[in-house]
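# Examining the three-dimensional arrangement
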Amino acid sequence: MSASQTSPSDVPTLLVKIFGKDRPGITAGLFDTLAAYSVDVVDIEQVVTRGRMVLCALVTAPPRALEGDLRATVHSWAESIKMQAEIISGLGDNRPRGLGRSLVTVLGHPLTAEATAAIAAKIAKAGGNIDRIFRLAKYPVTAVEFAVSGVATEALRTALVTDAAKLGVDVAVVAAGLHRRAQRLVVMDVDSTLIQDEVIELFAAHAGCEDEVAEVTAAAMRGELDFEQSLHARVALLEGLDASVVDKVRSEVRLTPGARTLIRTLKRLGFQVGVVSGGFSQVTDDLKDRLGLDFAQANTLEIVDGKLTGKVTGEIVDRAGKARLLRRFAAEAGVPLSQTVAIGDGANDLDMLNAAGLGVAFNAKPVVREAAHTAVNVPFLDTVLYLLGVTREEVEAADAHEED
């Protein structure tokens, strides 16, 4: 093979590594030093952790007669700014990444070394290679993202998610690519997801039958009862309540920590956001107005002559209904299902979670955690942002800009 036909993998290259205390101007200084030797940049990577920097530059090697001088000059420059340098000779670029590119997000509260070691070992055992690690957030949870190649996303998800709860972490595995940030519709359950309460239990407290309703609700959420039958049975206990109770219940509803941050940030990113609920439109319509949601659908309590009749009217929003509404919202928003995110906690959310491009079980029952794409088991709804690759710093910067 002639020199003009030299394969890129045969081109001599130098890996120049600079490490030490971070300060402005180091990257510019290194490449200004290298520029004197007319080298080309093949790759760059820089990491700063607690004020210590590692800067790696992969460059084409200069003519052999100049390589010694380049090495001496780089070392001299590094010493002059109290940094250390290491230069390694080689051929070509980095080795190609394996087929199968995934992003693994790990949430810990805290994130222990033991859990991190276990996750890394499982990635390796599944045949994956960790190409990059990046911290997304340090509070209210620690969130880190692993870029992994060499193993199919589904196989990697199976390997990592199974034992995540035992390790005290939440793990989400999604395929890498542009579609991750292109998920433009998020649809949430309401009771015990967007809000901390079960709305029907708030109504039941005013009717004096809270314990009876709560027992039926719990059984339905575990998947032990048909949702529609349980809905009618619980609503029947509210017969005769004065309609003024609706305003009282609205005032009692408590948003889940991080709910406002999640919705505000999603809207700033250009997402559309909706809710579907087995609860009642008398509450979800109010939430839609308060939070600036794009879509909302729920069951409707029948009110006649200022009293609750103990019945619901219109289309029943049950397990199948939630998935149907997700599809309807996606069509209205012009978003393919593969680019949607669904969040829920109960068995009646499962069809919706499985239909979405990413289904997130939020502080969910075991049957839901096992069936969803990923699970979040910390009490902060805005941690879902990290699964979309949004960092805490980006959230805070957007908030600060809004305040300005």
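Parameters and conventions
Starting from 1, residues in each chain are numbered consecutively following that chain's sequence as written. Local features in a predicted model are, by the rule used here, given only for residues with pLDDT of at least 70; side-chain atom pairs are given and counted only at 80 or more, and totals for whole chains, interfaces and linings are based on all residues. Based on all heavy atoms of the structure, the side-chain values leave hydrogens and waters out of the count. Per the convention used, a helix needs a DSSP run of H or I reaching at least four residues, while a strand needs a run of E reaching at least two, with both numbered from the N terminus. Each residue is placed in one exposure class: buried if its accessible area under a 1.4 Å probe, protein chains only, is under 20% of its type's maximum, exposed if it is over 50%, and partly exposed if it falls in between. We call two residues in contact when some of their heavy atoms are within 4.5 Å. Patches were defined on residues exceeding 30% relative accessible area and lacking a salt bridge, with like-charge contacts within 9 Å and nonpolar side-chain contacts (Val, Leu, Ile, Met, Phe, Trp, Tyr) within 5 Å. Computed by Shrake-Rupley with a 1.4 Å probe, the accessible areas treat only the displayed protein chains as cover when residues are assessed. Salt bridges are defined as contacts in which a side-chain nitrogen from Lys or Arg sits within 4 Å of a carboxyl oxygen from Asp or Glu. In this tally Asp and Glu are treated as negative and Lys and Arg as positive; neither His nor the chain ends contributes. Just so you know, the charge point we use is NZ for Lys, CZ for Arg, CG for Asp and CD for Glu. Planes of paired rings set the category: under 30 degrees apart is stacked, over 60 is edge-to-face and the rest tilted, where pairs are Phe, Tyr or Trp rings (Trp by its six-membered ring) whose centres lie within 6.5 Å. Note on terminology: a nonpolar core comprises buried Ala, Val, Leu, Ile, Met, Phe, Trp, Tyr and Cys residues joined through side-chain atoms within 4.5 Å. Here the rule is simple: two strands pair whenever DSSP picks up at least two bridges between them. To get an axis, a line is fitted to the C-alpha atoms, and for a helix only the part in contact is used. The angle between two axes follows their N-to-C directions and goes from 0 to 180 degrees.

Next up on the list: the side chain of Thr33. Among the structural elements, Thr33 can be located in helix H1 (residues 26-35). For Thr33, a relative accessible area of 13% gives the class buried. With residues up to four places along the chain from it excluded, the contact list for Thr33 reads Thr73, Val74 and Trp77.

Where like charges cluster on the molecular surface, the negative patch consists of Glu210, Asp211, Glu212 and Glu215. Along the polypeptide, Asp211 turns up in helix H7 (residues 210-221).

Once that is clear, we can look at the packing of aromatic side chains. What the rule picks out here adds up to two aromatic pairs. For the pair Phe203 and Phe280, a centre-to-centre distance of 5.9 Å together with 85° between the ring planes defines the contact as edge-to-face. Here the residue Phe203 occupies a position in helix H6 (residues 199-207), and Phe280 occupies one in strand S10 (residues 272-280), the gap between them amounting to 77 residues. The exposure class of Phe203 is buried, given its relative accessible area of 0%. The exposure class assigned to Phe280 is buried, which follows from its relative accessible area of 1%. Summarising the aromatic geometry, the rings of Phe295 and Phe329 are spaced 4.7 Å apart at their centres and angled 15° between planes, so their arrangement reads as stacked.

Another point: the nonpolar core. Among the nonpolar cores identified, the biggest contains 63 residues, and Met188, Leu194, Phe203, Phe280, Leu287 and Ile343 are the most heavily contacted of them. In contact with Ile343, not counting residues within four places along its chain, are Val186, Val187, Met188, Asp189, Thr193, Leu262, Met352, Leu353, Val360, Phe362, Leu381 and Val384. In this structure, Val317, Leu325, Met352 and Ala356 belong to the second largest nonpolar core, which totals 22 residues.

Below, the discussion takes up the environment of Gly314. Within the secondary structure, Gly314 sits in the loop between strand S12 (307-313) and helix H12 (319-333). For Gly314, a relative accessible area of 65% gives the class exposed. In sequence terms Gly314 and Ser277 are 37 residues apart; their C-alpha atoms lie 14 Å from each other.

Within the open sheet, the seven strands sit side by side as S12-S11-S10-S9-S13-S14-S15. Their pairing is mixed. The open sheet terminates on both sides in strands that have one partner only, identified here as S12 and strand S15 (374-376). Going across the sheet, the axis of each strand differs from the next one's by a mean of 25°, ignoring polarity. Two elements, strand S14 (residues 358-362) and S15, share three bridges in a ladder whose sense is parallel.

Note that every value here comes from positions in space, so none of it alone points to a role or purpose.
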